[in-house]
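# Topology and contacts: notes
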Number of protein chains: 2
Amino acid sequence: MSDTPQGHQSKRPRVTIVDVANGAGVHVSTASRALNPGTSHRISSKVVRKIEKVAEQLGYKRNSLASSLRTQKTGTIGLIVPNLSDPLFSPIIASVEERVAEDGYVTFVANSDYSPVKLRSIVERMSSQFVAGLVVASFELNDPSVELCLELGIPTVAVLRDPRHSRMSSVAMDDAAGVQAMVEHVLDLGHKDITYVTPPLAASTAQNRLAGFNAATRLAKAAGCRFDVIEARAYDVVEGERIMGHMLASGLTSTAVLAFNDLLAVGCLVALKSAGVACPEQISLAGVNDLPFMNLLSPPLTTLHTAGRDLGFESADLLMSLIKNHSQPVKRILLTPHLVLRGSTGPARKPGSSSDPSAIVIQSDPISV
Amino acid sequence: MSDTPQGHQSKRPRVTIVDVANGAGVHVSTASRALNPGTSHRISSKVVRKIEKVAEQLGYKRNSLASSLRTQKTGTIGLIVPNLSDPLFSPIIASVEERVAEDGYVTFVANSDYSPVKLRSIVERMSSQFVAGLVVASFELNDPSVELCLELGIPTVAVLRDPRHSRMSSVAMDDAAGVQAMVEHVLDLGHKDITYVTPPLAASTAQNRLAGFNAATRLAKAAGCRFDVIEARAYDVVEGERIMGHMLASGLTSTAVLAFNDLLAVGCLVALKSAGVACPEQISLAGVNDLPFMNLLSPPLTTLHTAGRDLGFESADLLMSLIKNHSQPVKRILLTPHLVLRGSTGPARKPGSSSDPSAIVIQSDPISV
DNA sequence: GTGAAAGCGCTAACAA
DNA sequence: TTGTTAGCGCTTTCAC
């Protein structure tokens, strides 16, 4: 990092509040009061109008740096995500930006790259920029940055993460319930041997989804069903492909594979295709998030819909109210994901039919893109 | 917009440079010089070390607001895109953020929502926040904000847009060449009747791609080929679906349809599927951008790859050098898109075979997901 | 309802 | 090499 960022020099010298005051023949303090919504009522409306007119003519723009320095308040909020390129975060970024803009705030974004160390330094930097608040999608389980934010006194909302044992408000999906619903869906389809692909349990989402899977299986295990959990090393398509390849090579018996997210599921799908295993006829597959285009894959992916815009909006909304009233009770908002049933899950293959592709009866009704 | 954004109150009063100076037994100005990379060499290294130690112990963080107010320089740059939710911009956002972070800058993002009016107000707001520079993906053709940025003296780089007749630097794809290559591709496949779907010509990309199409067709028209251009009203999947539905209904004769972008192409694909028209056997289809998952559609989409990360990196890099040296010559960087051939384009159907699906010989070699 | 004056925290002349 | 002083542009007591 170089340390000497430079600014631009405006061509024309900037118009300051002093210029406005002079132009209107009043004192700066009067101009300041007139130009601030909170204090303009203390000035006669005649003078206010005059000052506003002069300000308009001169093209006066308040210097927010000076204003913030004086008031110790800024009109900026920070948004931190673990991976700016993941399509999952796009609607969250967009909706947070929209919601805070309603209250006159602008948004800083930063990428923590799934690193708690980077996250910490971003939080510190944003704190030193005096952000009014933070929306963070990057907290790991027991992430020290949670406490850091709390100690720094920065209003903070965790999104898509649930720092359960802290005093931090959060907005997340009800992961456990969602996965549970997904397990029930495949059980309904007659599957008796189900594998769940989890990523490393660093994030609360990973834990919650696994908990949902385990909860659902506890009931079904009595009925003689078989359940497996396999741990992936990452969250992406490549890893999904690797892990499904691995499973197939080592004699996968499951007829249904549920993945932590769509990216892993898509990777699994790719591996199935290249191994010549039919989905859903031989193996049913499902993901989580309902990313764009999941409805257009072949087969279209059954998944849990994550309402990104709702998450972003709710978290930004919560942050705004937190900023207005610091001593608000901690809130923990859980949105319910809904099951999106598509072509990648189907009836379990008949017991007795081998996993030899040639023995499989193709019985899917093709679901169009 | 409410007008009174609030900041957070730190629990502990902040440590200022005065505290550090007192702690080290030196004057503030000495502390300031010691703590600034640009001036620390003027202080004896012994004192520098002492001051750094005290700063460290006290947990001093420079107040960037005060610093910026004094120096008229900020460590922030602004990034403006027309649609934060479009996957096309994700890698651009990510790579811009990464590149400027290397030089110690943080990134503001904002969404112009394809509105020149909103764009203008965002530019003004960012200017009043003293951004050091701007990367803008939202400029329309002859957008007045181009001149505004230039007049305000803000170093600005247009990305994915090419404000040709202005003094603004830009980084974009060579759209004309790309589309031309795409036309040649389908001509090679034997297509003699080709339709290009363009959006409204508000953006330079739209103009350039159309120009590329026209240039390519001029040559081929002599050979008796037929070319059509149809104008869509938007850039998205829904519009693609609508327009293809419309074309089919009004007796489309083309055997190849090239769309302005992948989203429109995907929409076309959806419409083809629901109309029972085989792609590519009856109609070949291609897009532009190579969005995530385009390789996994059925059929996988032939498209032009837009290197989002490269675009973002190059534009941020250019901006950094522009900030360091304002009087740099205007640069216009063009990246060459490459053709990604997949399953959605195939040989033209035999002349004489009707457009009746039942008469079509299925001859695609299936390309796996 | 308006003016006077102080100061947010920092850096950059100018001195010494 | 270090200290002195002024001031970036704004808001906010405190007077009147």
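The rules behind the values
- Residues numbered from 1 in each chain as written.
- Chains lettered and ligands numbered in written order.
- Predicted model: local features only at pLDDT ≥ 70, side-chain atom pairs only at ≥ 80, totals over all residues.
- Heavy atoms only, no water.
- Near = heavy atom within 4 Å.
- Polar contact = N/O pair within 3.5 Å; in protein donor to acceptor, adjacent residues only side chain to side chain.
- Helix = DSSP H or I, 4+ residues; strand = E, 2+ residues; numbered from the N terminus.
- Nonpolar A, V, L, I, M, F, W, Y, C, P; charged D, E, K, R; others polar.
- 1 Å grid on protein atoms, 1.4 Å probe; cavity = no way out; pocket = protein on both sides within 12 Å on 5 of 7 lines; lining within 4 Å.
- Points joined across faces, edges and corners; volume = space filled by probe spheres on them.
- Domains from an automatic or database assignment.
- Axes fitted to C-alpha atoms, helices over the stretch in contact; angles between N-to-C directions.
- Parallel < 35°, antiparallel > 145°, perpendicular 65-115°, else oblique.
- Left-handed = near helix turned anticlockwise from the far one by under 90°.
- Contact = heavy atoms within 4.5 Å.
- Expected span 1.5 Å × (residues − 1).

## Let's talk about the protein's contact with DNA strand C
Of all residues adjacent to DNA strand C, which total 25 residues, the nearest are T30 and R70 of chain A together with I17, Y60 and R70 of chain B. For DNA strand C, the backbone makes up 64% of the atoms found within 4 Å of the protein, where backbone means sugar plus phosphate. A distance of 3.3 Å is found between a phosphate oxygen of DNA strand C and a side-chain nitrogen or oxygen belonging to N36 of chain B. In the environment of DNA strand C, a phosphate oxygen lies 3.2 Å from a nitrogen or oxygen atom belonging to the backbone of N63 of chain B. No other element matches helix α4 (residues 64–71) of chain B, which puts four residues into the surface near DNA strand C. Classifying every residue of the surface near DNA strand C by side-chain character gives seven nonpolar, twelve polar and six charged.

## Notes on empty space enclosed by the protein
Residues and elements named next belong to chain A. Scanning all chains against the criterion turns up six cavities of 30 Å³ or more. Empty space within the largest cavity amounts to approximately 160 Å³. When residues of the lining of the largest cavity are traced back to their parent elements, those giving at least two are α9 (204–221) and α11 (262–275). Looking at the lining of the largest cavity residue by residue, the class counts come to nine nonpolar, three polar and four charged. Composition of the lining of the largest cavity by domain shows at least three residues from each of domain 2 (71–173 + 308–336) and domain 3 (175–306 + 340–359). Looking at the second largest cavity, its volume works out to about 130 Å³.

## Details of the packing of helix α8 (residues 175–188) of chain A against α9 of chain A
All names here are of chain A. For the pair α8 and α9, the least separation of the axes is 7 Å and the interaxial angle reads 40°. With respect to each other, α8 and α9 are oriented oblique. As α8 runs across α9, the sense of the crossing is right-handed. Residues D175, A176, V179, Q180, V183 and L187 of α8 lie in contact with α9, whose contacting residues are T205, N208, R209, G212, F213, A215, A216 and A220. Of the residues that constitute the contact of α8 with α9, the class distribution is eight nonpolar, four polar and two charged.

## So, helix α6 (residues 116–128) of chain B
With 13 residues, α6 of chain B extends 18 Å between its outermost C-alpha atoms, agreeing within 8% with the 18 Å of an ideal straight helix rising 1.5 Å per residue. In this structure, the buried residues of α6 of chain B make contact with α4 (64–71) of chain A together with β1 (76–81), β2 (106–111), β3 (133–136) and α7 (144–152) of chain B. Residue F130 of chain B follows α6 of chain B closely and has a positive phi angle near 60°.

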